[in-house]
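Architecture at a glance
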Amino acid sequence: MIPKKQYEIKHLAPTVNSLYRDLGSDRIIDIGGGIGYLAQTLSNQYGLRVSSLDLDPVMQETGR
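Helix and strand counts for the chain stand at three helices and two strands. Sequence-ordered secondary structure for the chain, helices as α and strands as β, is α-β-α-β-α. Computed over the C-alpha atoms, the radius of gyration of the chain is 12 Å, within 12% of the 11 Å expected from 2.2 N^0.38 for a compact globule of 64 residues. Dimensions along the principal axes, computed over C-alpha positions, put the chain at roughly 35 × 25 × 15 Å. Across the 64 residues in the chain, those meeting the buried criterion constitute 28%. Distance between charge centroids for the chain: 5 Å, based on 7 positive and 7 negative side chains.

Okay, the pairing of strand β1 (residues 28-31) next. Because side chains alternate across β1, one face comprises the buried residues I28 and D30, and the other comprises I29 and I31, none of which is buried. Alignment of β1 against strand β2 (residues 50-53), held across four bridges, turns out to be parallel. If you follow I28 over to β2, its bridge partner there is V50. On the question of chirality, the crossover connecting β1 to the parallel β2 by way of helix α2 (residues 37-46) is right-handed.

A cluster of nonpolar side chains, namely I29, I31 and L53, defines an oily patch on the protein surface of about 320 Å² accessible area. The exposure class assigned to I31 is exposed, which follows from its relative accessible area of 71%.

What follows deals with the confidence of the model for the chain. Taken residue by residue, the chain gives an average pLDDT of 91. The fraction at 70 or more is 100%. When mean pLDDT is compared element by element in the chain, α2 scores highest at 94, while helix α3 (residues 57-63) scores lowest at 86.

Right, let's talk about the nonpolar core for a bit. Most often, soluble globular proteins have nonpolar side chains that are buried together. Membership of the largest hydrophobic core is limited to 10 residues, which are I9, A13, V16, Y20, I28, L38, A39, L42, L48 and V50. Sorting the residues of this core by element identifies α1 (3-23) and α2 as the ones contributing at least two each. The greatest single-element share of this core, amounting to four residues, is contributed by α1. Excluding anything up to four places from it in sequence, A13 contacts L38, T41, L42 and Y46.

Definitions and limits used
- Residues numbered from 1 in each chain as written.
- Predicted model: local features only at pLDDT ≥ 70, side-chain atom pairs only at ≥ 80, totals over all residues.
- Heavy atoms only, no water.
- Helix = DSSP H or I, 4+ residues; strand = E, 2+ residues; numbered from the N terminus.
- Rg over C-alpha atoms; globule rule 2.2 N^0.38 Å.
- Buried < 20%, exposed > 50% of the residue type's maximum accessible area, 1.4 Å probe, protein only.
- Lys, Arg positive; Asp, Glu negative; His and termini not counted.
- Charge placed at Lys NZ, Arg CZ, Asp CG, Glu CD.
- Pairing = 2+ DSSP bridges.
- Right-handed = clockwise from strand over helix to strand, strands pointing away.
- Patch = residues over 30% accessible without salt bridge, like charges linked within 9 Å, V, L, I, M, F, W, Y side chains within 5 Å.
- Areas by Shrake-Rupley, 256 points an atom, 1.4 Å probe, with all protein chains shown as cover.
- Salt bridge = Lys/Arg side-chain N within 4 Å of Asp/Glu carboxyl O.
- pLDDT = per-residue confidence, 0-100.
- Core = buried A, V, L, I, M, F, W, Y, C linked by side-chain atoms within 4.5 Å.
- Contact = heavy atoms within 4.5 Å.

Here is the structure:
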């Protein structure tokens, strides 16, 4: 993962987790998630239920 993406996820994941907890939502959908780095981080580090969607099937398959 490139440093810019690492930086974005490091700062975005805690914010999304906090928002998720505050709203009491039961699912997160990452639209345009590419390979799914953010979705994987939210699932693995915070135990959140996340689906990642991307228009590019190659990106989706790579993320699996």
